[in-house]
Amino acid sequence: MSNLPLEGIRICDLSTVWSGPFCTAYLGGMGAEVIKVESIQHPDSFRFGTAVFDGWWEAYGPWNCTNVNKYSITLDLNKTQGVELFKELVRVSDVVIENFTTRVMRNFNLTYQVLKGIKPDLIMVSVPGYGMTGPWQDHAGYGIAFEQTSGLAYLTGYTDGPPQNMGGAADPIVGMQAAFAIQVALEHRRRTGEGQLIDVSQIETLTCLLGVPMLDYCMNKRIWGRLGNRDPVMAPHGVYPCKGEDMWLSIAISSDEEWKALCQAIGNPGLAKDERFSTPLNRWKNQDALDKLIEKWTLEHDYYEAMTILQKARVAAGAVASPETLNEEPHFKERGFFQELSRDIVGTQLYPTWPLRFSETPLEMRPAPKLGEHNEYVLGTILGLSKVEIEELEKGQIIGTKPIGLGGGILA
Amino acid sequence: MFAQALSGIRVLDIGHHIAGPYCARLLADFGAEVVKVERTEGGDPSRKAGPFPNDKPDPEASGLFFYLNTNKLGITLNLKTDTGIKIFHELVKQADVLVENFSPSVMPSLGLSHGDLKAINRGLVMTSISNFGQSGPYRDYKATDIVLQSLGGWLRSRGETTREPVRAAGALRIAEYIGGIYAATGTMTALIHKAETGIGQHVEVSLAEAVSTMNCYPVAMSCFPRNTGWSKVRWVYTPSVEECKDGYVGINTLTGAHWRDLCALMDMPDWAENPDYNTLAARLRRRGEVYKRIHPWLMERTREKIFAEGRDWRVPVAMVYNTEDILESPQYQARDYFVEVEHPSLGKITQPGASLKMSRTPWQIKRLAPLLGEHNVEVYGKLLGYGKEDLVRLRQAGII
């Protein structure tokens, strides 16, 4: 059994909410020592999702899922002492990651220039919305905003409707891109001893997914828009209602062979001979009629039953599964995708793991730390502060374990 | 001249469509030597997908193939023949990474399972991306992007409560790109492990599971007691993406503070602390009224104006861009984001450049996507010592 690949790598994680923390949860699961740095004055705003009760800041589900595999300290970076301690930590760390606008680290006087002076081979990663340079560098935003500007929202929605939010996927996409970049930088450092600064602009990462529409615009002046659940080429293609309320099945037919199989499977082999639907182009042109015929069949079936029938016939079909009960979905259940972890305040719960599996070095899953839980370990054991010094810091509210500022609640 | 972080790492890319090729492309962008291995007849199916210049199909001018396979060398090889498999074994012996995204039964059926290849190259990192993963009840299920979004528990959360849920990113096939990013990240981890130990491993990516990680909130909430008391199926916001004078803006009031600041910005002080409007749940119950109040204000202002005012009033506002907007955006231009290329078949095109900026080992574009078999001579010559006569013989036998 091998050691985990990133053992020995120490990461100072100032990032908040979802994108940066998602990245470091992965790196922590691969063995890196991720030290999440918050403050009792301004804890990670992702904690603010629950009603107020004792320990409320440890209870929010998404926060718990996103902050697995980390250690937690608090440091008030608005105080000189806090900043000095952070610098001491950077001196013995390999990576610093944050997802603020550039103004924030400038105000703390913790820019790459400063930190590089302390640790010359430091790998510093910033995950700002719009980049560390440029007209919008000090413009704050959230995942939904980046989906809107990067072009993704414009492609999402009903044919007869406005652009729709994708729902926040920007964060994990960018988080994994940052994890990719950090590892690339670690490889470079392994070869050369050199660190570097990495700027993962969220809108730029996302717009990289739109290379193909961009080419279509350059070549053909075509602007990709919204087509609901339809496809430019495939038909039938869409989401069909099944038995029960708000139950759906997606179907995607990409060949004549698959079309014939569908006709057989729904007990209407004659349909395969219908001129209106005899070629891909004909099917596409007559989708409205086609969809109605398929709907008649799906409405008579439970969505999983329908999927099973179609997949048996080698037709691409997918029950529109409920994320709220995904741990009971047959695939996710059998694959053991959700894992139980136990933790104070929230008890034993199921946590989503990763869509990545490694044959030699399986990803670890450790529950999220409590706020400031590792103040003593990091300040005492790693930085060598005495018990008295640590007590002084607590008295001065530079460090602590209970929030004293409430800030704003997320998801108002 | 900047160094490339991954130079000297050799990747065999037998991926097709999007997921495998995008993973390999990310590695190529930072210097890995990526050899794309295509089937002899027709090559990667993405060569048929387009878009094409003037919509005229041309396997050497497909936008999808072009975008996914920048920075790669291209060879052909017929893996349906014994000779082809033997040659492939020889290539694997000299590779650090193999990327594939076939259905899970394919590689073992060719004698190219991880077990088979590990035996000939102990240090090989084999990255396998598939719809559902290498195991599970749907292992051999057929799937496209919309099917993955469905079973991944992502589709259901999006759209109006009164009608069918709607897919993310339309025809983009985003699930496959997401899988590619995960695969590249996992491959890097395995490479770091290999550098330390000399041992490779099998990295497996499940696209449906990757999709599920896009939907953190309801998935996480499903595992925890419902701690916001907010039970919903479609994740709808209001305000949200809103029409304005010259297009759309996103008004993203995620917190109480944002809502109060929005009320100040839009001159609606009576709504700032009003429990009928100052939470999302309350506003959703009164969607029509909210729309009626904010719509006229929005229709009097352009995207740029609302964006600027949002910044001044600390309300998260974003302009909703389409492809044309992005290409014309001063923001993207100021960041030197685009790469301009004069391509023999595609013409003059502008592409997205770096997905991230690295100060010492920046993203680089070194070559355009290969023509089918373009580097047969170069790659087979360098790696396997094949001469021109060998290649002629192999071509005649349908091996390359």
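Residues numbered from 1 in each chain as written. Chains lettered and ligands numbered in written order. Predicted model: local features only at pLDDT ≥ 70, side-chain atom pairs only at ≥ 80, totals over all residues.

Draft legend 1. Inspection of the overall build of chain B at higher detail. The secondary structure content of chain B amounts to 18 helices and 12 strands. For chain B, the C-alpha atoms occupy an extent of roughly 85 × 50 × 40 Å along the three principal directions. Considering chain B as a whole, with its 400 residues, one finds that 56% of them fall into the buried category. Pairs at least 24 residues apart make up 69% of the contacts formed inside chain B by residues separated by at least 6 positions. (Helix = DSSP H or I, 4+ residues; strand = E, 2+ residues; numbered from the N terminus. Buried ≥ 20, exposed ≤ 12 C-beta atoms within 10 Å, placed from the backbone. Contact = placed C-beta atoms within 7 Å.)

Draft legend 2. Up close: the overall build of chain A. Scanning chain A from N- to C-terminus turns up 16 helices and 12 strands. Oriented by its inertia axes, the alpha-carbon framework of chain A measures out at about 85 × 50 × 45 Å. A buried classification covers 58% of the 412 residues belonging to chain A. Look at the contacts in chain A between residues 6 or more apart in sequence, and 69% of them connect residues 24 or more apart.

Draft legend 3. Inspection of unusual backbone geometry at higher detail. Between Gly 50 of chain B and the following residue, Pro 51 of chain B, the backbone shows a cis peptide bond with an omega angle of -5°. Structurally, the position occupied by Pro 51 of chain B is in the loop between strand S2 (33-38) and helix H2 (63-68). Look at the link from Thr 238 of chain B to Pro 239 of chain B: it is a cis peptide, with omega at -5°. Relative to the helices and strands, Pro 239 of chain B resides in the loop between helix H9 (216-223) and strand S7 (241-244). Notably, Val 17 of chain A is not glycine yet its phi reads approximately 65°, a positive angle. For Val 17 of chain A, the position within the fold is in the loop between strand S1 (10-13) and helix H1 (19-29). If you check the backbone angles, Asn 54 of chain B has positive phi at about 55° while not being a glycine. With respect to the helices and strands, the residue Asn 54 of chain B is situated in the loop between S2 and H2.

Draft legend 4. Summary view of the sheet that holds strand S4 (residues 97-100) of chain B. Read from one edge of the open sheet, seven strands run S12(A)-S6(B)-S5(B)-S4(B)-S1(B)-S2(B)-S3(B), paired in mixed fashion. The sheet is open, and its two borders are formed by strand S12 (356-358) of chain A together with strand S3 (72-76) of chain B, each paired with just one other strand. Taking each pair of neighbouring strands and ignoring which way they run, the sheet shows an average axis angle of 20°. Packing against the sheet, helix H1 (residues 19-29) of chain B makes contact with strand S1 (10-13), S2, S3, S4 and strand S5 (125-130) of chain B, and its axis sits at approximately 160° to S1 of chain B. Each of S2 and S3 of chain B touches helix H17 (residues 376-384) of chain B; the most contacted strand, S3 of chain B, lies at about 90° to it. (Pairing = 2+ DSSP bridges. Axes fitted to C-alpha atoms, helices over the stretch in contact; angles between N-to-C directions.)

Draft legend 5. Structural context of the sheet that holds strand S7 (residues 237-241) of chain A. Residue and element names in this part refer to chain A. As summarised here, the arrangement of the three strands in space is S7-S8-S9, forming an open sheet in which the pairing is antiparallel. A strand with exactly one partner marks an edge of an open sheet, and here the two such strands are S7 and strand S9 (316-319). The average undirected angle you get between the axes of adjacent strands in this sheet is 20°. Running at roughly 40° to S7, helix H12 (residues 287-298) makes contact with S7 and strand S8 (248-252) of the sheet. Most of the contacts of helix H13 (residues 303-312) go to S9, to which it runs at about 160°, and overall it touches S8 and S9.

Draft legend 6. Structural detail: the interface of chain B and chain A. In this complex, chain B contributes 130 residues to the contact, which on the side of chain A involves 132 residues. No other element matches helix H7 (residues 174-197) of chain B, which puts 16 residues into the side of chain B that touches chain A. Its residues assigned to classes, the side of chain B that touches chain A shows 73 nonpolar, 43 polar and 14 charged. (Nonpolar A, V, L, I, M, F, W, Y, C, P; charged D, E, K, R; others polar.)

Draft legend 7. Quick look at the pairing of strand S11 (residues 347-352) of chain A. All names here are of chain A. For strand S10 (residues 338-343) and S11, the ladder comprises six bridges, and the chain directions are antiparallel. Bridging across to S11, Leu 341 finds its partner in Gln 349. As consecutive antiparallel partners, S10 and S11 are separated by three residues, and within that stretch Ile 345 has a phi angle of approximately 75°, a positive value.

Draft legend 8. Region of the structure containing the domain arrangement of chain B. Per the domain assignment, the segments of chain B are domain 1 (10-214 + 336-396) and domain 2 (241-325). Spacing between the C-alpha centres of domain 1 of chain B and domain 2 of chain B amounts to 42 Å. (Domains from an automatic or database assignment.)

Draft legend 9. Representation of the packing of H1 of chain B against H7 of chain B. Residues and elements named next belong to chain B. Axis separation between H1 and H7 bottoms out at 7 Å; the angle between their running directions is 45°. Regarding the angle of H1 to H7, the classification is oblique. In this structure, H1 crosses over H7, and the sense of that crossing is right-handed. Here H1 contributes Ala 19, Tyr 22, Cys 23, Leu 26 and Leu 27 to the contact with H7, which in turn contributes Glu 176, Tyr 177, Gly 179, Gly 180, Ala 183, Ala 184 and Thr 187. Across the contact of H1 with H7, the residue classes tally to eight nonpolar, three polar and one charged. (Parallel < 35°, antiparallel > 145°, perpendicular 65-115°, else oblique. Left-handed = near helix turned anticlockwise from the far one by under 90°.)

Draft legend 10. Spotlight on the packing of H1 of chain A against helix H7 (residues 170-192) of chain A. Residues and elements named next belong to chain A. The geometry of H1 relative to H7 is characterised by a closest axis approach of 7 Å and an angle of 50° between their N-to-C directions. Considered as vectors, H1 and H7 are oriented oblique to each other. As H1 runs across H7, the sense of the crossing is right-handed. Contact residues: Ser 19, Gly 20, Phe 22, Cys 23, Tyr 26 and Leu 27 in H1; Asp 171, Pro 172, Val 174, Gly 175, Met 176, Ala 178, Ala 179 and Ile 182 in H7.

Draft legend 11. Inspection of the domain arrangement of chain A at higher detail. Here chain A is partitioned into domain 1 (10-209 + 337-395) and domain 2 (237-327). Placing a centre on the C-alpha atoms of domain 1 of chain A and another on those of domain 2 of chain A gives a separation of 43 Å.

Draft legend 12. Summary view of the confidence of the model for chain A. Taken over all residues, the pLDDT of chain A has a mean of 94, while the share at 70 or more is 98%. Note on residues 407-412 of chain A: pLDDT under 50 across the span, and 27 contacts to partners over four residues away in sequence or across chains. (pLDDT = per-residue confidence, 0-100.)

Draft legend 13. Broad picture of helix H13 (residues 287-299) of chain B. Taking 1.5 Å per residue as the helical rise, H13 of chain B with its 13 residues ought to reach 18 Å, and the 17 Å between its terminal C-alpha atoms agrees with that figure. Its axis deflected by about 30° at Arg 293 of chain B, H13 of chain B carries its strongest bend there, up to four residues before the proline Pro 296 of chain B. (Expected span 1.5 Å × (residues − 1). Bend = angle between axes of the 7 residues up to and from the residue.)

Draft legend 14. The arrangement of the environment of Arg 276 of chain A in detail. Residues and elements named next belong to chain A. Looking at the element boundaries, Arg 276 is found in the loop between helix H10 (256-265) and helix H11 (280-285). Classification of Arg 276 by C-beta neighbours within 10 Å gives partly exposed; the count is 13. Once the C-alpha coordinates of Arg 276 and Val 92 are considered, the two residues, 184 residues apart in sequence, prove to be 70 Å apart. In this structure Arg 276 touches Asn 282, Asn 286 and Ala 289, once residues within four positions along its chain are discounted.

Draft legend 15. Fine view of the pairing of S2 of chain B. All names here are of chain B. Among the six residues in S2, six count as buried, and that is most of the element. Taking every second residue as pointing to the same face, both faces of S2 are buried, with Glu 33, Val 35 and Val 37 on one and Val 34, Lys 36 and Glu 38 on the other. Bridge analysis of S1 against S2 gives four bridges, and the strand direction is parallel. Each residue of the ladder has a partner; that of Arg 10, found in S2, is Glu 33. With five bridges joining them, S2 and S3 adopt parallel strand pairing. When the bridges of S3 are listed, Lys 36 appears paired with Gly 74. Once you follow S2 into H2 and on to S3, the crossover reads as right-handed. (Right-handed = clockwise from strand over helix to strand, strands pointing away.)

Draft legend 16. View of the environment of Val 11 of chain B. Residue and element names in this part refer to chain B. With respect to the element layout, Val 11 can be found in strand S1. Along the backbone, Val 11 and Val 92 are 81 residues apart, and their C-alpha atoms lie at a distance of 9.1 Å. Not counting residues within four places of it along the chain, the set of residues in contact with Val 11 comprises Ala 24, Leu 27, Ala 32, Glu 33, Val 34, Val 35, Ala 95, Asp 96, Val 97 and Val 99.

Draft legend 17. Representation of the confidence of the model for chain B within the structure. For chain B, mean pLDDT is 95; residues scoring 70 or higher make up 98% of the total. With pTM at 0.97, the complex prediction returns an ipTM value of 0.97.

Draft legend 18. Structural detail: the environment of Thr 205 of chain A. Its place among the elements puts Thr 205 of chain A in helix H8 (residues 202-207). Residues Thr 205 of chain A and Tyr 130 of chain A, 75 residues apart in the sequence, show an inter-C-alpha distance of 9.9 Å. Excluding anything up to four places from it in sequence, Thr 205 of chain A contacts Ile 173, Val 174, Gln 177 and Val 200 of chain A together with Ser 355 and Leu 356 of chain B.

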